[in-house]
Amino acid sequence: MVHYIRFLRTPQTATGKKTVDIAAVVAVTTDLGDAYYAQNIDLVVEVVEANRPHGILHTQVVTWQASSRALKFTANCPGKYTSRSARLHVTTRATQSASGIMAVPVILDVWSDIFTLSDKQRTEPIVERQLVLPNKSRIRMWEETGDSIARHVWDAGLGFLMYFSQALSSSPAEGMSRLASLMRSSKVRRLKVLELGAGCGIAGMAFAQLAKCDMLLTDLEDAQEILGNNIRCASPLAGSTLRSEVLDWSTGVDDSCNANYDLVLVSDCIYNPDSSLHLVETLRQLATRTPGVLILVGFKRRHEADTIFFDRMQQTDFAIVEQVNIPLPHTFTDHDADIPTSEFYTYQLQSALSPRT
Ligand SMILES: C[S@@+](CC[C@H](N)C(=O)[O-])C[C@H]1O[C@@H](n2cnc3c(N)ncnc32)[C@H](O)[C@@H]1O
């Protein structure tokens, strides 16, 4: 399992005699929050000057105990830094050594929002994740600390980063050749791409940072604020554009929508049987307007109900043209011996595949 360091309580400051003390509570848990990291591990807590990611003002190591559910700590930053703007970064040594090279680490580190090193400051309940893509561009993804489905990063989104990186490599794995050649073609022609149920937008943003495209990230109304924030932090490739819009699958695609999409991305969106049926109908409407469109569906298998999506896709005349599983980063323990995978299915309309008569 990939684990995420999460703030259960975001940093709060208090001034001591010679220090500014920053208290926080973290957990090392899964995307669903249904399991906790099952080994002891040292967490590196850094007080970093805001807007200077390498300006580390103070470092402290605290230990996460196997199978605990929360870790409360106080970082004692020297008082000489009082009044500076700072962020709290909580990471592991392994994650630190993976940063700077393309890697999804086994444990994702977390960056707090900015706060002032003075008395009684509390940060907002939002945090940032940072990951590096193969072209060295950085994915900066804000998410909420609460339990919202739309407003945090899910494992399949990380799987998409790994998929895109492999598709761009000199020898893409079997099962991703369609996307690999589409990504290569973006060097000569800007692609039109749509993401459905984008959440924080990790998959679509990574694509726009790796391939030249006009990317439209869509989700329900309650994801629009975080999507907008993340678009402002993104570093799209020169020639790429990024924007967001509400698209509710239960309403479907507007009649006026006549965009000729090359690609539709769907990351971790097939867990709910009712909305799955609306999602398939939305995909059908899009593919009817643009019969050649590729649809890339990635997800982590969690529920039996996931099959409803696949059955309905088949009934709706969609054909799977390629399939590949990508193993997610994992720490083997006695409790956790199965390698988690993200599964990827590339679909096209059957009619778009039939030879013309
Ligand atoms: C598990 S999250 C995945 C988010 C993101 N794609 C990722 O991989 O991190 C599922 C997403 O589907 C969106 N969603 C659910 N029902 C929807 C609907 N009827 N129309 C549009 N989006 C919907 C949710 O708001 C949420 O952002």
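This one's a predicted model, so the numbers in the text were calculated from it and none came from an experiment. (Residues numbered from 1 in each chain as written. Predicted model: local features only at pLDDT ≥ 70, side-chain atom pairs only at ≥ 80, totals over all residues. Heavy atoms only, no water.)

1. Observations regarding the overall build of the chain
Point 1. Each helix and strand in the chain was counted, giving eight helices and 18 strands.
Point 2. For 357 residues, the compact-globule formula gives about 21 Å, and the C-alpha radius of gyration of the chain, at 21 Å, lands near that figure.
Point 3. Viewed in the frame of its principal axes, the chain has a C-alpha envelope of about 85 × 45 × 40 Å.
Point 4. In the chain, 34 positive and 39 negative side-chain charges are present, and the distance between their average locations comes to 9 Å. (Helix = DSSP H or I, 4+ residues; strand = E, 2+ residues; numbered from the N terminus. Rg over C-alpha atoms; globule rule 2.2 N^0.38 Å. Lys, Arg positive; Asp, Glu negative; His and termini not counted. Charge placed at Lys NZ, Arg CZ, Asp CG, Glu CD.)

2. What about the domain arrangement of the chain?
Point 1. For the chain, the assigned domains are domain 1 (3-124) and domain 2 (150-353).
Point 2. On a C-alpha basis, the centres of domain 1 and domain 2 stand 31 Å from each other.
Point 3. Each side of the interface is counted separately: domain 1 has 12 residues, and domain 2 has 16 residues.
Point 4. When the two sides are added together, the surface that domain 1 and domain 2 hide from each other amounts to roughly 1100 Å², 64% of it contributed by carbon and sulfur.
Point 5. Considering only the side of domain 1, the residues that lose the most area to domain 2 are Tyr 4, Asp 31 and Val 104, jointly responsible for 45% of the buried surface there.
Point 6. Along the contact surface separating domain 1 from domain 2 lie one salt bridge.
Point 7. We note a salt bridge from Arg 302 to Asp 31, for which the minimum N-O separation is 2.6 Å.
Point 8. Linking domain 1 with domain 2 are three residue pairs in polar contact (both at pLDDT 80 or more).
Point 9. Grouping the constituent residues of the side of domain 1 that touches domain 2 by class yields nine nonpolar, one polar and two charged. (Domains from an automatic or database assignment. Contact = heavy atoms within 4.5 Å. Buried area = accessible area lost by both parts, 1.4 Å probe. Salt bridge = Lys/Arg side-chain N within 4 Å of Asp/Glu carboxyl O. Polar contact = N/O pair within 3.5 Å; in protein donor to acceptor, adjacent residues only side chain to side chain. Nonpolar A, V, L, I, M, F, W, Y, C, P; charged D, E, K, R; others polar.)

3. Quick notes on the nonpolar core
Point 1. Phe 164 and Phe 207 are the most contacted members of the largest nonpolar core, which totals 51 residues.
Point 2. Three or more residues apiece are contributed to this core by two domains, here domain 1 (3-124) and domain 2 (150-353).
Point 3. In contact with Phe 164, not counting residues within four places along its chain, are Leu 179, Met 183, Ala 203, Ala 206, Phe 207, Leu 210, Leu 265 and Leu 296.
Point 4. In this structure, Ile 5, Ala 24, Val 45 and Tyr 81 belong to the second largest nonpolar core, which totals 29 residues. (Core = buried A, V, L, I, M, F, W, Y, C linked by side-chain atoms within 4.5 Å. Buried < 20%, exposed > 50% of the residue type's maximum accessible area, 1.4 Å probe, protein only.)

4. What about the pairing of strand S5 (residues 71-78)?
Point 1. Side chains Leu 71, Phe 73, Ala 75 and Cys 77 project from S5 onto a buried face, and the interleaved Lys 72, Thr 74, Asn 76 and Pro 78 project onto a face without burial.
Point 2. Bridge count between strand S2 (residues 19-29) and S5: eight bridges; the pairing is antiparallel. Residue pairing in the sheet places Val 20 in a bridge with Cys 77 of S5. (Pairing = 2+ DSSP bridges.)

5. What to know about the pattern of salt bridges
Point 1. For the structure on display, the rule yields 17 salt bridges.
Point 2. Here the residues in one salt-bridge network are Arg 6, Arg 129 and Glu 143, joined through shared partners.

6. Overview of the side chain of Glu 343
Point 1. With respect to the helices and strands, Glu 343 occurs in strand S18 (residues 341-349).
Point 2. Within the structure, the side chain of Glu 343 is placed 2.9 Å from the side chain of Tyr 345, a separation counted as a polar contact.

7. Re unusual backbone geometry
Point 1. The phi dihedral of Asp 268 is positive, around 55 degrees, even though this residue is not glycine.
Point 2. By secondary structure assignment, the location of Asp 268 is in the loop between strand S15 (263-267) and helix H6 (273-289).
Point 3. A positive phi angle, close to 75 degrees, is found at Asp 317, a residue other than glycine.
Point 4. Counting through the fold element by element, Asp 317 comes out in the loop between helix H7 (306-315) and strand S17 (318-327).
Point 5. Overall, Asp 317 belongs to the partly exposed group, its relative accessible area being 36%.

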